[in-house]
Amino acid sequence: MEAPKKNAVLGPLVGAVDQGTSSTRFLVFNSKTAELLSHHQVEIKQEFPKEGWVEQDPKEILQSVYECIEKTCEKLEELNIDISNIKAIGISNQRETTVIWDKNTGEPLYNAIVWLDLRTQSTVANLGGTILGNNFIKSKTGLPLSTYFSAVKLRWLLDNVEKVQKAVEEDRALFGTIDSWLIWSLTGGPKGGVHCTDVTNASRTMLFNIHSLQWDQELCQFFDIPEKILPSVRSCSEIYGLMKSGALEGVPISGCLGDQSAALVGQMCFQDGQAKNTYGTGCFLLCNTGRKCVFSDHGLLTTVAYQLGRDKPVYYALEGSVAIAGAVVRWLRDNLGIITTSDEIEKLAKQVGTSYGCYFVPAFSGLYAPYWDPSARGIICGLTQFTNKCHIAFAALEAVCFQTREILDAMNRDCGFSLRHLQVDGGMTNNKILMQLQADILYIPVVKPSMPETTALGAAMAAGAAEGVNVWSLEPKDLSAVTVERFEPQINAEESEIRFSTWKKAVRKSMGWVKTPSLADIFGGPSIFSSLPLGFFVMGSMLMLIGGRYISGQLLFKLDHFIS
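Peer 1: Would you mind going over the sheet that holds strand E15 (residues 275-279) in detail, with residue names and values included?
Peer 2: Ordered by their spatial adjacency, seven strands build an open sheet running E17-E18-E16-E15-E21-E22-E23, and the pairing between neighbours is mixed. Only two strands of the sheet have a single partner each, and these edge strands are strand E17 (301-306) and strand E23 (484-487). The sheet shows a mean angle of 30 degrees between the axes of neighbouring strands, direction not considered. This element, helix H13 (residues 432-442), spans E15, strand E21 (422-425), strand E22 (446-449) and E23 of the sheet and lies at about 55 degrees to E23.

Below, the structure written as structure tokens:
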């Protein structure tokens, strides 16, 4: 195909930063056709300093964004596309990952603690047994008390990192998820950088009230988080600030969504009941519930889906979160060495076409939805002398599909109707064996857009539609039709159910593998809590309740019995 001539009229262009757990990308779209014109990708390192700990270097993440922007602009120039046509930039990011930095120097005060990290497991276990506990948090945030979310990661930093403690005391510390770190840095950093986040990312911190759409004072007190370090909360589509350096200096950053919300927008799931599943490092199924919060009875999360403008309404979603999807392929590559590139897993699986009775539960970070069991750990079972690396590769792909089946079943029960097909996106959807397995295990069609970069597309749409940019219409009549590839089930329903029930048997064997501290351990252990301020808060609450019951003559059991 002939390259466009220099300054060819392509219509306004919009760029999107897609900062994920495994890689950073910058992509440029034509705002009139949603066509992807060019992109560049850089893999991001993950560090595992201790068992269960997962960290990344915030400076490496920032540098990867600059590199991807520069390289993409160079590629556009080679295609004779004028980069001055890029009118806005959107940001999509891995959610929950926690960064705290010095606002005077721009230096991170510690590595980013990644959403998969488990170091706060004992704190979560202790808090879960307190007077306030899980229901107090879930009613305000839509989230269960879990190591997954930002509040407990931030609490750990405040308790354990001296540089962080000192910076907070001296009013130098700023907190943010990855979106906040990038927007602040790209808009000037110490020289006037904008410290903000959007409603979707804020809703994943366990500090944000999804009803009032504000930081919640009671939650901040419960976790003992100083509100002064939190970013301002904005909509997903408005001008936050301008790029201060690089090839796109002066271009507004005007879109921001957590990656799963961005994918929901990119898949154009704007109607109540529309859903999508994204296959990345983890696996995330979101169903748009419209302008009402729907609370799950089956282990799903309630979260903010999007708010596409300052004066626009907020839409909500039910979400099923799976911690390990693409990460299991990376584990097979980096830890076991049975593949050298991620693409090889499809070739291995194709050689056998079955797991031969081998089942893989990749609960490396415990089990997320619908179980929320942090004590679970990964297992491979059903091994025989016949089992080889091809069967394990096939079982790893099946595991992704079985986990999706679990959260889809929960979604169907909560919504009161069954999805007739599943819209999918994300890097793993390029694996045709995975997509066919998914259709077989769900026993419904799987529908994949021909342009799978829907996460970046959603961020670009939000940025282009922002007031003051106005180059991307989100009116239904103006949205481009999407061509799709469709995978139909190829096995009978009975076989699908047998395989799924065997998977659930394997899941049960993975649960309860690690002992978490009980309330009795709190009193007998060397440390009351891994977080002292939390300890004081909770112990104070407990003593007040016990004292109140005693005074009112309603003490139901003796204090010495409680302590024992």
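Peer 1: Which residues make up H13, and what values do they have?
Peer 2: A large share of H13 lies buried, amounting to ten of its eleven residues. Looking at H13, one finds that the buried residues are Ile-433, Leu-434, Met-435, Gln-436, Leu-437, Gln-438, Ala-439, Asp-440, Ile-441 and Leu-442. Near the N-terminus of H13, the side chain that reaches the backbone nitrogen of Ile-433, with its oxygen 3.1 Å away, is that of Asn-431. Of the residues flanking the end of H13, it is Tyr-443, one or two places downstream, whose phi is positive at about 60 degrees.

Peer 1: Kindly report on the packing of aromatic side chains, identifying the contributing residues and their values.
Peer 2: A full pass over the atoms with the stated rule returns 24 aromatic pairs. Ring centres of Trp-53 and Trp-156 lie 5.3 Å apart, and the angle between their planes is 80 degrees; this geometry places the pair in the edge-to-face category. With Trp-53 in the loop between strand E3 (36-43) and strand E4 (55-56) and Trp-156 in helix H4 (residues 150-160), this residue pair connects regions lying 103 residues apart in the sequence. Residue classification places Trp-53 among the buried residues on the basis of a relative accessible area of 16%. Here the aromatic rings of Tyr-368 and Trp-372 are separated by 5.3 Å at their centres, their planes lie at 20 degrees, and the arrangement is stacked. Taken together through their ring pairs, the aromatic side chains of Trp-115, Tyr-148, Phe-149, Phe-284, Tyr-368 and Trp-372 make up a single cluster. The ring of Phe-500 carries Arg-405 above its face, with NZ or CZ at 4.1 Å from the centroid.

Peer 1: Report on the pairing of E17, specifying residues and quantitative values.
Peer 2: Among the six residues in E17, six count as buried, and that is most of the element. Here E17 runs beside strand E18 (residues 315-322); their pairing, made up of five bridges, is antiparallel. In the sheet register, Thr-303 faces E18, and the bridge partner there is Ala-317.

Peer 1: How would you explain the packing of helix H11 (residues 344-352) against helix H12 (residues 389-415) if you had to name every residue and give the values?
Peer 2: Viewed as axis vectors pointing N to C, H11 and H12 meet at an angle of 110 degrees, and their least axial separation amounts to 8 Å. Between H11 and H12, the angle falls in the class roughly perpendicular. The segment H11 lies against H12, with Ile-345, Leu-348, Ala-349, Gln-351 and Val-352 engaging Lys-389, Cys-390, His-391, Ala-393, Phe-394, Ala-396 and Leu-397. Classifying every residue of the contact of H11 with H12 gives nine nonpolar, two polar and one charged.

Peer 1: Please provide a residue-by-residue account of helix H1 (residues 58-78), values included.
Peer 2: Turn by turn, an α-helix covers 3.6 residues, leaving residues three or four places apart pointing in a common direction. The terminal C-alpha atoms of H1 lie 31 Å apart, and with 21 residues this matches the ideal 30 Å at 1.5 Å per residue to within 8%. Among the residues of H1, Pro-58, Ile-61, Leu-62, Ser-64, Val-65, Cys-68, Ile-69, Thr-72, Cys-73 and Leu-76 are the ones counted as buried. The arc that holds every buried residue of H1, seen down its axis, measures 160 degrees, which confines them to one face. Between the side-chain oxygen of the N-cap and the backbone nitrogen of Lys-59 there are 2.9 Å, and the N-cap of H1 in question is Asp-57.

Peer 1: Lay out empty space enclosed by the protein in plain terms, naming residues and giving numbers.
Peer 2: Tallied over the full model, the rule gives three cavities of 30 Å³ or more. Forming the walls of the largest cavity are 16 residues, and the residues nearest its centre are Val-322, Leu-367, Tyr-368, Ala-369 and Gln-403. At the level of secondary structure, the elements contributing two or more residues to the lining of the largest cavity comprise E18, H12 and helix H15 (493-510). Among the residues making up the lining of the largest cavity, the classes are represented as twelve nonpolar, three polar and one charged.

Peer 1: Run through unusual backbone geometry, naming residues and quoting values.
Peer 2: In the segment running from Ala-369 into Pro-370, the intervening peptide bond is cis, with an omega of 0 degrees. Summarising the element assignment, Pro-370 is placed in the loop between strand E19 (359-361) and strand E20 (379-381). In the Ramachandran plot, Asn-80 falls in the positive-phi region, its phi being about 60 degrees despite a non-glycine side chain. Take Asn-80: it is sitting in the loop between H1 and strand E5 (86-93). Taking relative accessible area as the criterion, Asn-80 reaches 32% and is therefore assigned partly exposed.

Peer 1: Give me the lowdown on the environment of Glu-238, citing residues and values where you can.
Peer 2: Here Glu-238 is to be found in strand E13 (residues 237-242). Using a relative accessible area of 3% as the deciding quantity, one classes Glu-238 as buried. Between the C-alpha atoms of Glu-238 and Arg-310, which are 72 residues apart in sequence, the distance is 6.8 Å. Setting aside chain neighbours within four positions, we find Glu-238 in contact with Ile-253, Ser-254, Gly-255, Arg-310 and Ala-466.

How each quantity is defined
- Each chain carries its own residue numbering, running from 1 in the written order of its sequence.
- Thresholds applied to this predicted model are a pLDDT of at least 70 for local features of residues and 80 or more for the giving and counting of side-chain atom pairs; totals over whole chains, interfaces and linings are not thresholded and use all residues.
- Excluding hydrogens and water, the side-chain figures rest on all heavy atoms present in the structure.
- The criterion for strand pairing is that DSSP finds at least two bridges linking the strands in question.
- In this description a helix means any DSSP run of H or I spanning at least four residues, a strand means any run of E spanning at least two, and both kinds are numbered starting from the N terminus.
- Structural elements are reduced to axes, namely lines fitted to C-alpha atoms, with helices fitted over the stretch in contact, and the angle between N-to-C directions of any two is expressed from 0 to 180 degrees.
- Between two residues, a contact is recorded if the distance between any of their heavy atoms is within 4.5 Å.
- Categorising residues by exposure relies on relative accessible area from a 1.4 Å probe, with only protein chains included: less than 20% of the type maximum marks a residue as buried, more than 50% marks it as exposed, and the intermediate range marks it as partly exposed.
- Counted as a polar contact is a pair of N or O atoms within 3.5 Å, where, for protein atoms, one must be capable of donating a hydrogen and the other of accepting one, and residues adjacent in sequence contribute only when both atoms are in side chains.
- Here the aromatic set is Phe, Tyr and Trp, taking the six-membered ring for Trp, and pairing holds for ring centres within 6.5 Å; pairs whose planes are under 30 degrees apart are stacked, those over 60 apart are edge-to-face, and all others are tilted.
- Comment: the charge-over-ring label is applied if NZ (Lys) or CZ (Arg) is within 6 Å of the ring centre and within 35 degrees of the ring normal.
- When describing relative orientation, an angle under 35 degrees is termed roughly parallel and one over 145 degrees roughly antiparallel, while 65 to 115 degrees is termed roughly perpendicular and anything else oblique.
- Residues are grouped as follows: nonpolar covers Ala, Val, Leu, Ile, Met, Phe, Trp, Tyr, Cys and Pro; charged covers Asp, Glu, Lys and Arg; every other residue, Gly included, is treated as polar.
- Multiplying 1.5 Å by the helix residue count minus one yields the expected span of that helix.
- The directions from the helix axis to the C-beta atoms form the arc being described.
- Cavities and pockets are defined on a 1 Å grid built over the protein atoms alone: a cavity is a set of grid points where a 1.4 Å probe fits but cannot escape, while a pocket is an open set with protein on both sides within 12 Å along at least five of seven lines, and lining residues are those with an atom within 4 Å of any such point.
- Grid points are joined across faces, edges and corners, and a volume is the space filled by probe spheres set on the points.

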